[in-house]
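Residue-level structure breakdown
Given next are the chains, with one letter for each unit.
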Amino acid sequence: CSPDEIAAAVTAQSAAIFFLPDWPRGTLSLDDVVAVGRDLGVPVVVDGAGRLDQPENLRRYVASGADLVIFSGGKFIRGPQASGFVCGRRPLISSIAWQHLDMDVTPTVWTAPRELLAVEEMPFIPRQGIGRGYKAGKEEIVGLVTALRLFVERDHAAERAQWERQLQGIVARLSGETGLTAEFLVGGDFHTGIPYVRLRLDEQALGIDAYTFTRRLSAGDPPIHPSDRELAQGALLLNPFCFRPGDGEIIVDRVRKILREVRT
């Protein structure tokens, strides 16, 4: 859609414009959407949950003018899966915090972080915020903060270089295999910050389709789960994000084993 179409869809009942950035088939930039939000006085909320394949996005969306940005604590940060955090404008973050209050509060002794909650401006303590039922546990909070600190300190360039070496090794060892073409990809269509390997099958020559090939990989020991985004096109995608040393060799051995079985 166009910025004009987004503007036309906003009404007096609109709370925010929700935006998924860097979508492969998208045509709108964050700058376009932020401009619409500014003109209409409507906050722009960015879904950045799966976008930290490019580490610079941790700060880029806020710097581009988004009012709130939501990140997953799992995925690329490698924190607890049941965690996440929100960045953005202080008044909106404060609104979220107000909605997480408990009911068991004694006003005369209650304290709160003044930099986040403007307690003196409230004539009463709001109880039972709508977020109380979805509050994060202390263990998830500590795990997330630790994972986020490690994410910021990580040498992302060195990590990417290691991924590329592992993937290039897979491509080299599988080159020349009958019925299969291995290709190194600088980045995926969706997670552009992570390199991939595409294993394209000659399904007719092998007598096996990509769906069946993937099921045999995932049913083995250890299970191997390639991305299924291109199975309809006869291809498997290998994402190195969770690779450990030696995983490339395991994948190559299993792929070769299945190829031998279907060719006999």
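Keep in mind that what you see is a predicted model, and the values were worked out from it rather than measured.

Moving on to the packing of helix α8 (residues 210-218) against helix α9 (residues 247-263). Between α8 and α9, the least distance of the axes is 11 Å, while the angle of their chain directions is 125 degrees. With respect to their mutual orientation, α8 and α9 come out oblique. Considering how the two elements wind past one another, α8 and α9 form a crossing that is right-handed. Contacts between α8 and α9 involve Phe213, Arg216 and Leu217 from the first element and Arg254, Val255, Ile258, Leu259, Glu261 and Val262 from the second. The class makeup of the residues in the contact of α8 with α9 is 6 nonpolar, no polar and 3 charged.

Taken in spatial order, the 3 strands make up an open sheet running β5-β6-β7, and their pairing is antiparallel. In this open sheet, the two strands that pair with only one neighbour each are β5 (180-185) and β7 (235-238). In this sheet, neighbouring strand axes are inclined to one another by 20 degrees on average, regardless of whether the strands run parallel or antiparallel. With 6 bridges joining them, β5 and strand β6 (residues 196-201) adopt antiparallel strand pairing. What sits directly across from Leu180, in β6, is Leu201. Packing of α8 onto the sheet brings it into contact with β6 and β7, and relative to β7 it is tilted by some 40 degrees.

On to the sheet that holds strand β4 (residues 84-88). Within the open sheet, the 4 strands sit side by side as β1-β2-β3-β4. Their pairing is mixed. Strand pairing shows two members of the sheet lacking a second neighbour, β1 (17-19) and β4, which therefore form its edges. Between one strand and the next, the sheet's axes are offset by a mean angle of 20 degrees, whatever the strand orientation. Two strands pair when backbone bridges link them, and strand β2 (residues 44-47) and strand β3 (residues 68-72) are joined in this way by 3 bridges, in the parallel orientation.

The calculated volume of the largest pocket comes to roughly 850 Å³. Along the walls of the largest pocket sit 26 residues, with Gly84, Phe85, Val86, Ile96 and His100 positioned nearest its centre. Only β3, β4, α4 (90-98) and α5 (138-153) provide two or more residues apiece to the lining of the largest pocket. Residues of the lining of the largest pocket, tallied by class, amount to 17 nonpolar, 6 polar and 3 charged. Counted as a void, the second largest pocket has a volume near 660 Å³. Considering the residues around the second largest pocket, the lining is formed by 23 residues, among which His225, Asn239, Phe241, Cys242 and Phe243 are closest to the centre. Those elements giving two or more residues to the lining of the second largest pocket turn out to be β7 and α9. The residue makeup of the lining of the second largest pocket, split by class, is 14 nonpolar, 5 polar and 4 charged.

Take α8 next. Among the residues making up α8, those that are buried are Ala210, Phe213, Thr214 and Leu217. Taken around the axis of α8, the buried residues stretch over an arc of 95 degrees, which confines them to a single face. Structurally, α8 contributes buried residues whose contacts are with β6, α7 (203-206), β7 and α9. Among the residues of α8, the N-terminal cap falls to Asp209, whose side-chain oxygen and the backbone nitrogen of Tyr211 are separated by 3.3 Å.

With that settled, consider the packing of aromatic side chains. Inspection of every chain in the model, using the stated rule, returns 3 aromatic pairs. The interplanar angle of 55 degrees and the centroid separation of 5.7 Å between the aromatic rings of Trp163 and Phe241 together place this pair among those described as tilted. Linking Trp163 in helix α6 (residues 156-174) with Phe241 in the loop between β7 and α9, this pair joins segments that are 78 residues apart in sequence. As far as the burial class goes, Trp163 and Phe241 line up, both buried. Residue placement shows Arg78 over the ring face of Phe241; its charged tip is 4.0 Å from the ring centre.

With that settled, the discussion passes to unusual backbone geometry. Of note, the bond from Asp221 into Pro222 is cis; its omega dihedral lies within 30 degrees of zero at 0 degrees. Along the chain, Pro222 falls in the loop between α8 and β7. Phi at Lys75 is positive, roughly 45 degrees, even though this residue is not glycine. With respect to the helices and strands, Lys75 occurs in the loop between β3 and β4. The class of Lys75 is partly exposed, set by a relative accessible area of 45%. Residues other than glycine seldom take positive phi values, yet Arg78 does so here, at roughly 65 degrees. Relative accessible area serves as the criterion here: at 35%, Arg78 is assigned to the partly exposed category.

Rules used in this analysis
Residues numbered from 1 in each chain as written. Predicted model: local features only at pLDDT ≥ 70, side-chain atom pairs only at ≥ 80, totals over all residues. Heavy atoms only, no water. Axes fitted to C-alpha atoms, helices over the stretch in contact; angles between N-to-C directions. Helix = DSSP H or I, 4+ residues; strand = E, 2+ residues; numbered from the N terminus. Parallel < 35°, antiparallel > 145°, perpendicular 65-115°, else oblique. Left-handed = near helix turned anticlockwise from the far one by under 90°. Contact = heavy atoms within 4.5 Å. Nonpolar A, V, L, I, M, F, W, Y, C, P; charged D, E, K, R; others polar. Pairing = 2+ DSSP bridges. 1 Å grid on protein atoms, 1.4 Å probe; cavity = no way out; pocket = protein on both sides within 12 Å on 5 of 7 lines; lining within 4 Å. Points joined across faces, edges and corners; volume = space filled by probe spheres on them. Buried < 20%, exposed > 50% of the residue type's maximum accessible area, 1.4 Å probe, protein only. Arc of directions from axis to C-beta. Polar contact = N/O pair within 3.5 Å; in protein donor to acceptor, adjacent residues only side chain to side chain. Phe/Tyr/Trp six-rings, centres within 6.5 Å; stacked < 30°, edge-to-face > 60°. Lys NZ or Arg CZ within 6 Å of the ring centre and 35° of its normal.

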